[in-house]
Amino acid sequence: MTEILNQLAGRTVIVGSGLAGLMTALTLAPEPSVIITRAGLGVETSSAWAQGGIAASIGADDSAALHLADTLAAGDGLCDRSVAADIIAEAPAAIAALEHAGVRFDRNDAGRLSLGLEAAHNRRRIVHAEGDGSGTAIIAALVRAVARTPAITVLEGFEARRILMDGGRVAGLLCATVSGGAAVLPTARVVLATGGIGGLYDATTNPMGNFGQGIALAARAGADLADMEFVQFHPTALDSRRRPLALVSEAVRGEGALLVNERGERFMARISGAELAPRDVVARAIGAEIARGGRVFLDARHALGSRFATRFPVITALCGEAGIDPAKDLIPVRPAVHYHMGGVATDANGRSSVPGLWVAGEAASTGLHGANRLASNSLLEAAVMGMRTARDISAMPTGGKGAISTEKLPAPSDTSLVRPIVSRHLGVLRNADALQGAIAALLPLAESDGPAADPAIVALLIAIFASLRMESRGAHARTDFPLKLGDASRRRMHLSQALEIARATPPYSLARSA
């Protein structure tokens, strides 16, 4: 094993095998790269579970300017307009690159790409593959493309535990192997494409093992973090005992399904945008119905009926597991954590504030999404930023192998202590008491050497950022500050700054001084 790792020394190392990671490696080729993944390629990644597709302004009645306007509106004043415009403008090129890699997108009888409609989009611009199985189809095609690309080496059963530093620069990765041993990959160039934070919550549509590992790795290495308070709750997860919860795509509402409560009332009818309002609006409305003791359902019987199974085969199968036939039955739904707009702060080329460290996909905070992601902009960002990151790395002088310092392999992370705290205090609706309670409970875990430390670091960052944003904006809603401030701004900070704020926050600060 040591000999193999030494042979790979100096190559760009990509952590994660979702859409962002695979696109980075494929775009880098023929420059050699290494993908490390704790499971198989494309396994345990949110990308493969995506139902909605990729937002791309390629319709005859659409334009990048219209797509940008919808993105900015959903982002509620916190998008980086320049970055958003750049990513959206590259959507057609991303679709072409994916097709070149072997992805077969759905087309109509005329041979043109079929375009779906989703919430807060004013045009039909969602590109699908195999109906609501878009993520699975895209990842499967890219995995095949990676397998036939000699420049890409895949190390399965490897989990990144620490970024090794030398003189303020990336020098390598300390990994755990499937056997529990330690392995060091010397490299001066690391790309984190590790996905989201849903595993911090009990109710999520993400893989339960995804707790923000990339954010913890980057935070420990000294990288800037941004927008950590903005956690998107998808309004319509299938309300069942299954964990993670199954997603009922926004596209179902795009095809005419209605939201009703247990009394049969269409409660969204009185809200601007109705069922196709932005996700934060719909999630809060559904949350309010559930908070009063009610239940919420999607009614697709009249809009789709027997066509449901053809248009949404994956959702049909997931409903079937719960004994529900969407053609005849109401579909019980509830909000669940689906996406994280925050993460490691990067520029438009994926560069973090740490030399030698790039971040792409959900683990990054580029400014595209602002306070609330527009539907299907996630796969768009992952594909485009994978390509941009690769081009940025290719344009740089070849890095050295890196000087490695010895560091003990940390224990495997465990979310069991963190998940109840996060689920209770950092949900759809927040307030000062809950946030202070979260900080007090999370700080000792974050400062420990135990298995809860890395998950607690990510959760603590969310709580700190949320406590500092004393307003409601986008996906961040506070019952004690229900209004938006006039001056919108994004926040960036290091882990060290967050820890200092946490130590000074009551009741933790009071307990320390007692």
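If you're wondering where the values come from, they're calculated on a predicted model, not measured in any experiment.

Chemist: Lay out the UniProt feature "domain: FAD-dependent oxidoreductase 2 FAD-binding" (unreviewed entry) in the protein chain with the relevant residues and their values.
Modeler: The feature "domain: FAD-dependent oxidoreductase 2 FAD-binding" (unreviewed entry), as given by UniProt, occupies residues 13–379 in the numbering adopted here. Helix and strand shares over residues 13–379 are 26% and 22% respectively, and the end C-alpha atoms of the span are 21 Å apart.

Chemist: I'd like a description of the sheet that holds strand β15 (residues 331–340), backed by residues and values.
Modeler: Strand order in the open sheet formed by four strands is β12-β15-β14-β13, with antiparallel pairing between adjacent strands. Both edges of this open sheet fall to β12 (231–238) and β13 (258–261), since each of them pairs with a single strand only. Each neighbouring strand pair of the sheet contributes to a mean axis angle of 45°, computed without reference to strand direction. Bridge count between β13 and strand β14 (residues 296–299): four bridges; the pairing is antiparallel. Among the inter-strand pairings, asparagine 261 is bridged to a residue of β14, identified as valine 296.

Chemist: Would you mind going over the environment of glycine 10 in detail, with residue names and values included?
Modeler: When you line up the elements, glycine 10 lands in the loop between α1 (2–8) and β1 (12–15). Each C-alpha atom, one on glycine 10 and one on alanine 171, is 9.3 Å from the other, the two residues being 161 residues apart in sequence.

Chemist: Lay out the pairing of strand β8 (residues 169–177) with the relevant residues and their values.
Modeler: With respect to burial, β8 is a largely interior element, eight of its nine residues being buried. Where strand β7 (residues 158–166) lies against β8, eight bridges are found, and the strand directions are antiparallel. When the sheet's bridge partners are listed, isoleucine 163 is paired in β8 with leucine 173. Counting the residues in the hairpin turn of β7 and β8 gives two residues, including glycine 167, whose phi is positive at 65°. Bridge count between β8 and strand β9 (residues 182–186): five bridges; the pairing is antiparallel. Across the sheet, leucine 173 pairs through a bridge with leucine 185, a residue of β9. From the end of β8 to the start of β9, which pair antiparallel, there are four residues, and glycine 180 there has a positive phi angle of about 95°.

Rules used throughout
Residues numbered from 1 in each chain as written. Predicted model: local features only at pLDDT ≥ 70, side-chain atom pairs only at ≥ 80, totals over all residues. Heavy atoms only, no water. UniProt positions renumbered as here; feature names shortened; annotations may be inferred. Helix = DSSP H or I, 4+ residues; strand = E, 2+ residues; numbered from the N terminus. Pairing = 2+ DSSP bridges. Axes fitted to C-alpha atoms, helices over the stretch in contact; angles between N-to-C directions. Buried < 20%, exposed > 50% of the residue type's maximum accessible area, 1.4 Å probe, protein only.

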